[in-house]
Structures are given as C-alpha cells and as structure tokens.
Amino acid sequence: MRPVTRRQADHHAARSAATRAQVMSTLERLLDSGEAFSEISVQRILDEAGVSRATFYAHFHSKSDVLVRLTDELRESLLTLARQWEPGAGEDGADRFARFFEDVIAIHRAHQGVLTAVREAASYDSAVGDFYTADLEGFDEAVLRTLLSEQAAGSTPADLDAVAASRIIVWGGAQAIAHHIRVDDGTGDAVFARELARIWWHGAYRRPPGPSACLFGR
C-alpha cells in the first residue's frame, strides 16, 4: 500500500474543508430565505448542496451539528468584538458603547437566519441548547470581568452586584436585540444602539453610588 503523500493529504484536507463550507453555506442560505430550521431536512440540505448522505455524515453528526459549527464562527467574531471594548474614562463611554452596539446589531442582522434558528432549536435540541447557553455564558464572563475591573479601579460603584448586573446586561440584551431585529427594518438601529448603550453605561458601569456607599465613603 503506497504511503499518503503530503500533497495528497493537503488535497484531501482542502476537499473536506470545501465540502463542509458548501454544506454550511447551503443551510445558511435556506435559513436566510425564511425557512424554519425545524422544517429543513437533512435530505433537503443534501439536494441543495449536491453532496451524498455518506459524505454529509463523514463531516457532520447531524443537522444540528451543521448549525452549531455555522454559529461557532459567528460567535467568535462577536466575542472578539466584545473583548476589544474597553470602558475607559470620561463621559464619552456611552457614545463609544453605542458604536459598539451598532456593530453588534449589524452582525446580528447579517446572520439573522442563523441566529433565529439557534434560538429556535435551543428550545428542543440539547446540543444546540448547550451551545447557546455556553455562548451567552462566554459573553457573561467577559462583561463580569470588565465590571469587576471597573469596580477595582473605582470607576464603577462598589455597591453594584457585578454578577447580577452582567447577567441582566448579557441575557437581557441578547433578547432585546433579537426582538428589535424582528420588528425593525434597520432604520431604528442607531437609536436602539444608543438607548441600549445609555442604559448599560449609566445603569451599571457609571451608576451613581447608592446611599449606603456614600455613607461608607465618609
């Protein structure tokens, strides 16, 4: 039996990557056309992507696996964006936060079909549900670290419960953005981003100290 050469291995890897990309892009296209994830069968994906059932299962465990991998790339781009945001000092924080949210909303709009499918499937598919939960928990941890850092620097009041605040910010914000995209045609994105930014900024990051904190500081 002849050994597999490096060129053959590279060719096989390239073909596998191309097949995965074809299947994933096919599912995304079907979702973007407005079809519900639950109504799209594996056979429909096979027909549209032009791959055999054996080829499909050589690369994916299930239809949900395709969705998770499709969302994983999007998740990383959003997490990278979130990690780059720093509150900093000064009163322009809310404005910078608004620009950050405009970018987030733009990404969500561009991948609305996929994100809608994830929220749909998370309610009945444990694999997608676990991924969706881990996704939001990743953002939760990033916001919590920022809030704790701001508290340590004295910029955010010590009486803020950072754990509760980060959960409200991330889990509530995700629902708010999803609903906004469903009911708005995009003309209200800048206003929505501004209001969301001000609520988060003044409600948590730069919330005025409570009475107990003021007394303690005397």
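Residues numbered from 1 in each chain as written. Predicted model: local features only at pLDDT ≥ 70, side-chain atom pairs only at ≥ 80, totals over all residues. Heavy atoms only, no water.

Asks: Go over the pattern of salt bridges, please, and point to the residues and values.
Replies: Enumeration over the complete set of coordinates arrives at 8 salt bridges. The partner of Arg109 in a salt bridge is Asp184, and the shortest N-O contact between them spans 3.5 Å. Of the two residues, Arg109 sits in helix H5 (residues 93-110) while Asp184 sits in the loop between helix H8 (162-183) and helix H9 (189-205), which places them 75 residues apart along the sequence. Residue class for Arg109 comes out partly exposed when judged on its relative accessible area of 22%. Across the salt bridge formed by Arg194 and Glu195, the nearest N and O atoms sit 3.0 Å from each other. Residue Glu195 is classed as partly exposed on the basis of its relative accessible area of 33%. Here the salt bridges share partners, and the residues they tie into one network are Arg29, Glu35, Arg44 and Glu48. (Salt bridge = Lys/Arg side-chain N within 4 Å of Asp/Glu carboxyl O. Helix = DSSP H or I, 4+ residues; strand = E, 2+ residues; numbered from the N terminus. Buried < 20%, exposed > 50% of the residue type's maximum accessible area, 1.4 Å probe, protein only.)

Asks: Hey, could you go over the side chain of Glu28 for me, with residue numbers and the actual values?
Replies: Structurally, the position occupied by Glu28 is in helix H1 (residues 6-32). Buried and unpaired, Glu28 has no salt bridge, with Arg29 as the nearest side chain of opposite charge at 9.4 Å. Setting aside residues no more than four positions away along its own chain, Glu28 makes contact with Leu70, His111 and Val114. (Lys, Arg positive; Asp, Glu negative; His and termini not counted. Contact = heavy atoms within 4.5 Å.)

Asks: Help me get a handle on the packing of aromatic side chains, residues and values and all.
Replies: This structure, assessed with the given rule, holds 9 aromatic pairs. Ring plane angle 45° and centroid distance 5.8 Å describe the contact between Phe97 and Phe100, whose orientation is recorded as tilted. With Phe97 and Phe100 both in helix H5, this residue pair falls 3 residues apart, about one helical turn. In this structure Phe97 comes out as buried when scored by relative accessible area, which is 2%. Ring centres of Phe97 and Phe101 lie 5.0 Å apart, and the angle between their planes is 20°; this geometry places the pair in the stacked category. Of this pair, Phe97 and Phe101 both sit in helix H5, separated by 4 residues, roughly a single helical turn. The structure contains a cluster of three or more aromatic residues connected by ring pairs, namely Phe97, Phe100, Phe101, Trp200, Trp201 and Tyr205. Just above the ring of Phe37 sits the side chain of Lys63; from NZ or CZ to the centre is 4.3 Å. (Phe/Tyr/Trp six-rings, centres within 6.5 Å; stacked < 30°, edge-to-face > 60°. Lys NZ or Arg CZ within 6 Å of the ring centre and 35° of its normal.)

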